[in-house]
Amino acid sequence: VLFWSCDFISNFLTSFTKEDVLVRDFRAIAMQYAKSWLFIDLAVVSVDWLAIGLQSVSDPSGKGNTDAKKYIKVIRFLKAFRLVRVLAVLRSGRFAQVQEAAVRRTNVLG
C-alpha cells in the first residue's frame, strides 16, 4: 500500500520527454499524468486503502460481517489490475525512453 501511495505522489514529480525535450514543468507533468495513468493509479491506491479499512472492521472470528468479506474478495481481484499496469509500462518502453533521454543529457553535458 505504501509503495503504490508513494508511486502515486511521485508521478506528479517525474519529468517526461516530449519530442526529445525533457519536460520538468509541474503543471505539464500533472496534465500528462492526468491523461495517462492518474485514474488507474487512483483506483489502485483507493482500493488498497479501502481493503485496509474493511479488514480493520471485519470480524476476525470468521463469523458475521459477510458484506465486508465480499468486498475484500472484490478488492483482491481488482488489485490484479496493478499487474496489468506494470506490464503495460514495461511493454510501452517508457523505461527505455527515460534511459535514452538521460544518456543524451549526459552526452550534452560531458
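Residues numbered from 1 in each chain as written. Predicted model: local features only at pLDDT ≥ 70, side-chain atom pairs only at ≥ 80, totals over all residues. Heavy atoms only, no water.

Okay, the overall build of the protein chain next. On a plain count of helices and strands, the protein chain comes out with six helices and two strands. Ordered by position from N to C terminus, the α and β elements of the protein chain give α-β-β-α-α-α-α-α. Evaluated residue by residue, the protein chain yields a buried proportion of 25% over its 110 residues. Within the protein chain, contacts between residues at least 6 apart in sequence are counted, and of these 52% link residues at least 24 apart. Accessible area of the protein chain: about 8,300 Å², with a carbon and sulfur share of 65%. (Helix = DSSP H or I, 4+ residues; strand = E, 2+ residues; numbered from the N terminus. Buried < 20%, exposed > 50% of the residue type's maximum accessible area, 1.4 Å probe, protein only. Contact = heavy atoms within 4.5 Å. Areas by Shrake-Rupley, 256 points an atom, 1.4 Å probe, with all protein chains shown as cover.)

Listed in full, the seven residues of the largest apolar core are Trp4, Phe8, Tyr33, Trp37, Leu38, Val44 and Val45. Looking at this core, the elements that each hand over two or more residues are α1 (2-10) and α3 (38-57). If you tally residues by element for this core, the top one is α3, at three residues. (Core = buried A, V, L, I, M, F, W, Y, C linked by side-chain atoms within 4.5 Å.)

All right, on to a nonpolar patch on the surface then. Together, Val1, Leu2, Trp49 and Ile52 give the surface a local cluster of nonpolar side chains, amounting to about 380 Å² of exposed area. Relative accessible area serves as the criterion here: at 34%, Val1 is assigned to the partly exposed category. (Patch = residues over 30% accessible without salt bridge, like charges linked within 9 Å, V, L, I, M, F, W, Y side chains within 5 Å. Salt bridge = Lys/Arg side-chain N within 4 Å of Asp/Glu carboxyl O.)

Turning our eyes to something else, we now look at the packing of aromatic side chains. To describe a pair of aromatic rings, you give the distance between the ring centres and the angle between the ring planes. Across all of its chains, the model carries four aromatic pairs by this definition. Between Phe8 and Phe12 the ring centres are 5.8 Å apart and the planes differ by 85°, which places this aromatic pair in the edge-to-face class. Take Phe8: its relative accessible area is 17%, and that puts it in the buried class. Between Phe12 and Tyr33, the ring centres sit 5.0 Å apart and the planes meet at 90°, which makes this aromatic pair edge-to-face. Here Phe12, found in the loop between α1 and β1 (16-18), pairs with Tyr33, found in helix α2 (residues 26-35); they are 21 residues apart in sequence, far enough to count as distant. (Phe/Tyr/Trp six-rings, centres within 6.5 Å; stacked < 30°, edge-to-face > 60°.)

This part takes up the confidence of the model for the protein chain. Per-residue pLDDT for the protein chain averages 75, and the proportion of residues at 70 or more is 55%. For the protein chain, the element scoring lowest by mean pLDDT is helix α6 (residues 94-109), at 64; α2 scores highest, at 92. (pLDDT = per-residue confidence, 0-100.)

Helical geometry note: an α-helix holds 3.6 residues per turn, so side chains three or four residues apart project in the same direction. Inspection of α2 places Ile29, Ala30 and Tyr33 among the buried residues, and these make up the whole buried set. Projected down its long axis, α2 shows its buried positions confined to an angular sector of 100°, all on one face. Among the exposed residues of α2, those oriented more than 90 degrees off its buried face are Arg27 and Lys35. (Arc of directions from axis to C-beta.)

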